[in-house]
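Chain residues, written in single-letter form:
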Amino acid sequence: MSTASPEPRDPKGALIFDDPLDEQSSDDTDRGWGDRPGGDSADDLKRFLDEKPPHHL
């Protein structure tokens, strides 16, 4: 019987036990929710009129 050393493990297959809540996701930002950067009240009105559902005519 030969005592061969076990094959090295694939580092990509290793489990990572970091806390996923420590990292910011795209949903944690205004951009992730579809908000447009900057703007003023005229831009808000334009966005409201652009995104108004058809039953609100």
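To be clear, the structure that these remarks concern was listed above.
If you're wondering where the values come from, they're calculated on a predicted model, not measured in any experiment. (Residues numbered from 1 in each chain as written. Predicted model: local features only at pLDDT ≥ 70, side-chain atom pairs only at ≥ 80, totals over all residues. Heavy atoms only, no water.)

Peer 1: Could you give an account of a negative patch on the surface, naming the residues involved and the relevant values?
Peer 2: Among the surface-exposed residues, Asp18, Asp19, Asp22 and Glu23 lie close enough to one another that they form a single negatively charged patch. With respect to the helices and strands, aspartate 18 occurs in the segment before α1 (41-51). Residue class for aspartate 18 comes out exposed when judged on its relative accessible area of 57%. (Patch = residues over 30% accessible without salt bridge, like charges linked within 9 Å, V, L, I, M, F, W, Y side chains within 5 Å. Areas by Shrake-Rupley, 256 points an atom, 1.4 Å probe, with all protein chains shown as cover. Salt bridge = Lys/Arg side-chain N within 4 Å of Asp/Glu carboxyl O. Lys, Arg positive; Asp, Glu negative; His and termini not counted. Charge placed at Lys NZ, Arg CZ, Asp CG, Glu CD. Helix = DSSP H or I, 4+ residues; strand = E, 2+ residues; numbered from the N terminus. Buried < 20%, exposed > 50% of the residue type's maximum accessible area, 1.4 Å probe, protein only.)

Peer 1: Run through a nonpolar patch on the surface, naming residues and quoting values.
Peer 2: Together, Leu45, Phe48 and Leu49 make up a nonpolar patch on the protein surface, roughly 310 Å² of accessible area in all. Looking at where phenylalanine 48 falls in the secondary structure, it is placed in helix α1.

Peer 1: Got a sec to walk through the pattern of salt bridges? Specific residues and values, please.
Peer 2: If you walk through the whole model with that rule in mind, you get two salt bridges. A salt bridge links lysine 46 to aspartate 50, with the shortest nitrogen-to-oxygen separation between them at 3.0 Å. Of this pair, lysine 46 and aspartate 50 both sit in helix α1, four residues apart, which is roughly one turn of that helix. Measuring nitrogen to oxygen at the nearest pair gives 3.3 Å for the salt bridge that ties glutamate 51 to arginine 47. Of this pair, glutamate 51 and arginine 47 both sit in helix α1, separated by four residues, roughly a single helical turn. You can call arginine 47 partly exposed: its relative accessible area is 24%.

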